[in-house]
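Structural characterization, general
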Amino acid sequence: MIHAVYPGSFDPLHNGHVDVIRRASRIFDHLTVAVLHNPQKPNTLLGIEERLAIVRESTDGMAGVDAAMFDGLLVDFCRRIDARVIVKGLRAISDFEFELQQAHLNRQMNPNVETCFIMTATRWSYVASTRVKEIAQLGADVSKLVPRASLTRIEARFGRPTPRL
Ligand code: PNS
């Protein structure tokens, strides 16, 4: 049985993330979506409990998928839950350098864990949590970019978007 981990800040979870989760869940027997709780960086839009709840609501019904929060090193979390694979989504070549560095360092720290990349679906390849937050904060609609569970929390924070032509 192969247990994989899909880690991230998920602030907020967007449709590109959901696509990677769905596709990874078809490859691995068990997928844990691991939401980073970083007390050193408390300025996330959504709190850890909200981000975790969004992942749980958005993956409800996906076989073999669960969600957990983690802090500290990802490789230590993998050890604790006995996961052998780290799943990462790659949108563009610009993601690659950063991800390659992390993959090498993670493998150096824990050689029992392999990083596996899933190419983000073309239709979501331009979506990033940072952009979603910026657009929502500036009063525009992000409903096509995020799952309902994220949208509810985003609208609770920034209000309903201003209608545009
Ligand atoms: O969604 P993000 O913010 O791009 O996710 C980054 C994440 C959580 C995958 C990365 O920051 C991480 O693994 N953090 C845990 C700390 C850690 O293990 N750092 C060493 C990485 S080589």
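Notes on the structure follow. (Residues numbered from 1 in each chain as written. Predicted model: local features only at pLDDT ≥ 70, side-chain atom pairs only at ≥ 80, totals over all residues. Heavy atoms only, no water.)

So, the sheet that holds strand β5 (residues 114-119)
To keep things clear, this is the line we draw: Any two strands with at least two DSSP-identified bridges between them are counted as paired. In this text, helices come from DSSP runs of H or I with a minimum length of four residues, and strands from runs of E with a minimum of two, each type numbered from the N-terminal end. Axis definition: a line fit to C-alpha positions, over the contact stretch in the case of helices; interaxial angles, taken between N-to-C directions, run 0 to 180 degrees. Contacts are residue-level and defined by heavy atoms, with any inter-residue pair within 4.5 Å sufficient.
Across the sheet, which stays open at both edges, the five strands sit in the order β3-β2-β1-β4-β5 with parallel pairing between neighbours. Either end of the sheet is taken by a strand with one partner, and the two such strands are β3 (65-70) and β5. Within the sheet, the average angular offset between the axes of one strand and its neighbour, ignoring direction, is 30 degrees. Those strands touched by helix α1 (residues 15-27) are β1 (3-8), β2 (30-36), β3, β4 (85-90) and β5, and its axis lies near 120 degrees from that of β5. Packed onto the sheet, helix α2 (residues 48-58) meets β2 and β3 and runs at close to 170 degrees relative to β3.

Regarding the environment of Ala136
In plain terms, the rule: Exposed residues in this analysis have more than 50% of their type's maximum accessible area, buried residues have under 20%, and partly exposed residues fall in between, with area computed by a 1.4 Å probe over protein chains only.
Relative to the elements of secondary structure, Ala136 occurs in helix α5 (residues 129-137). For Ala136, a relative accessible area of 7% gives the class buried. For the pair Ala136 and Ala63, spaced 73 residues apart in sequence, the C-alpha to C-alpha distance is 31 Å. If sequence neighbours within four positions are ignored, Ala136 has contacts with Val142, Ile154 and Phe158.

Some details on a nonpolar patch on the surface
The test is simple: The residues that make up patches have over 30% relative accessible area and no salt bridge, and they are joined within 9 Å when like-charged or within 5 Å when they are Val, Leu, Ile, Met, Phe, Trp or Tyr. For accessible areas, the Shrake-Rupley method is used with a probe of radius 1.4 Å. Any residue's cover is judged against the shown protein chains and nothing else. Each reported salt bridge corresponds to a side-chain nitrogen of Lys or Arg within 4 Å of a carboxyl oxygen of Asp or Glu.
Taken together, the side chains of Leu73, Leu105 and Met109 present a nonpolar region at the surface, about 260 Å² in accessible area. Within the secondary structure layout, Leu105 lies in helix α4 (residues 93-109). Residue classification places Leu105 among the partly exposed residues on the basis of a relative accessible area of 44%.

Distances and angles like these do not, on their own, reveal function.
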